Amino acid sequence: MSGPIRLEYTVPGNDFARAGEASADLKAALKKLGLPAAAVRRISIALYEGEINLAIHAGGGRIDVAIDDDAVEMVLSDRGPGIPDVEQAMQEGFSTASAEVRSLGFGAGMGLPNMKRYTDGFDIQSTVGVGTTITMRVNID
């Protein structure tokens, strides 16, 4: 690659039919670029979890992706309510999703833990009333 490839996605809030479009599009692009299947799988899982969180909790948001020879970096940003206790939100099974969202099969409290689990770099910055920015990096082995 000559310089990073950049992709941008907008995730609408509360639209579960469209949540997953960005991760599916990125997965297809990474396969076309010939990235290793294991890296593509990890990236797809992490980004899908992030998309669902943007749709459920933040009223939507933006995803910026940079692909280079060494890694894929994904920055998810929103202007949602923010996360009051990031440490608690990172615990498996903790969820603030509504009963309605849970009835749709989402909101099990595994999104943030899975995002961290499937990435090589994970950073979350959140301010209540301002929003959240999550940066994830997956190294290409």
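Here is a short report on the structure shown in this document. (Residues numbered from 1 in each chain as written. Predicted model: local features only at pLDDT ≥ 70, side-chain atom pairs only at ≥ 80, totals over all residues. Heavy atoms only, no water.)

**Considerations on the overall build of the protein chain**
Working step 1: The helix and strand tally for the protein chain stands at five helices and five strands.
Working step 2: Shown N-terminal to C-terminal, the secondary structure of the protein chain runs as helices and strands in the order β-α-α-β-β-α-α-α-β-β.
Working step 3: Whereas a compact globule of 141 residues would reach a radius of gyration of roughly 14 Å, the protein chain reaches 14 Å, a difference of no more than 12%.
Working step 4: Once the C-alpha set of the protein chain is aligned to its principal axes, its extents read approximately 45 × 30 × 25 Å.
Working step 5: Per-residue burial for the protein chain yields a buried fraction of 42% across its 141 residues.
Working step 6: If you take every contact in the protein chain between residues at least 6 apart in sequence, the share linking residues at least 24 apart comes to 64%. (Helix = DSSP H or I, 4+ residues; strand = E, 2+ residues; numbered from the N terminus. Rg over C-alpha atoms; globule rule 2.2 N^0.38 Å. Buried < 20%, exposed > 50% of the residue type's maximum accessible area, 1.4 Å probe, protein only. Contact = heavy atoms within 4.5 Å.)

**Describing the sheet that holds strand S3 (residues 71–77)**
Paired through backbone hydrogen bonds, the strands of a sheet run either parallel or antiparallel to each other.
Working step 1: The sheet built from five strands is open, its strands ordered S1-S2-S3-S5-S4 with antiparallel pairing. Bordering the open sheet on either side are strand S1 (5–12) and strand S4 (121–127), each of which pairs with just one other strand. For this sheet, the mean inter-axis angle between neighbouring strands, taken without regard to orientation, is 10°.
Working step 2: Where S3 and strand S5 (residues 131–139) come together, seven bridges link them in antiparallel fashion. Each bridged residue has a counterpart across the sheet, and for Ala71 the counterpart in S5 is Asn139.
Working step 3: Contacts between helix H1 (residues 21–32) and the sheet are confined to S1, strand S2 (60–67) and S3, with S1 contributing the most and set at about 160° to the helix.
Working step 4: Its contacts with the sheet place helix H2 (residues 37–57) against S1, S2, S3 and S5, and it is angled at close to 5° to S3. (Pairing = 2+ DSSP bridges. Axes fitted to C-alpha atoms, helices over the stretch in contact; angles between N-to-C directions.)

**A closer look at H2**
Working step 1: In this model H2 runs 30 Å from its N-terminal to its C-terminal C-alpha over 21 residues, within 8% of the 30 Å that 1.5 Å per residue would give.
Working step 2: Among the 21 residues of H2, 15 are classified as buried, and the element is accordingly described as predominantly covered.
Working step 3: Looking one or two residues past H2, Gly59 carries a phi angle of roughly 70°, positive in sign. (Expected span 1.5 Å × (residues − 1).)

**Observations concerning H1**
Working step 1: In this model, H1 (12 residues) spans 17 Å end to end at C-alpha, consistent with the 16 Å of a helix rising 1.5 Å per residue.
Working step 2: In this fold, the buried residues of H1 make contact with S1, H2, S2 and S3.
Working step 3: Looking one or two residues past H1, Gly34 carries a phi angle of roughly 80°, positive in sign.

**Some details on the nonpolar core**
Working step 1: Counting residues in each nonpolar core, the largest one holds 34 residues, and the members touching the most others are Leu26, Leu30, Ile63, Val65, Val72, Met74 and Leu76.
Working step 2: Elements with a minimum of two residues in this core: S1, H1, H2, S2, S3, helix H5 (111–117) and S5.
Working step 3: Residue contributions to this core peak at eight residues, all from H2.
Working step 4: When residues no more than four places from it in sequence are discounted, the contact partners of Ile63 are Leu7, Glu8, Tyr9, Val11, Ala22, Leu47, Glu51, Leu54, Val75 and Leu76. (Core = buried A, V, L, I, M, F, W, Y, C linked by side-chain atoms within 4.5 Å.)

**Some thoughts on the side chain of Ser44**
Working step 1: Positionally, Ser44 belongs in helix H2.
Working step 2: Aside from chain neighbours lying at most four places away, what touches Ser44 is Ser23 and Lys27.

**Description of unusual backbone geometry**
Working step 1: If you check the backbone angles, Asn14 has positive phi at about 60° while not being a glycine.
Working step 2: Relative to the helices and strands, Asn14 is located in the loop between S1 and H1.
Working step 3: Classification of Asn14 as exposed rests on a relative accessible area of 56%.

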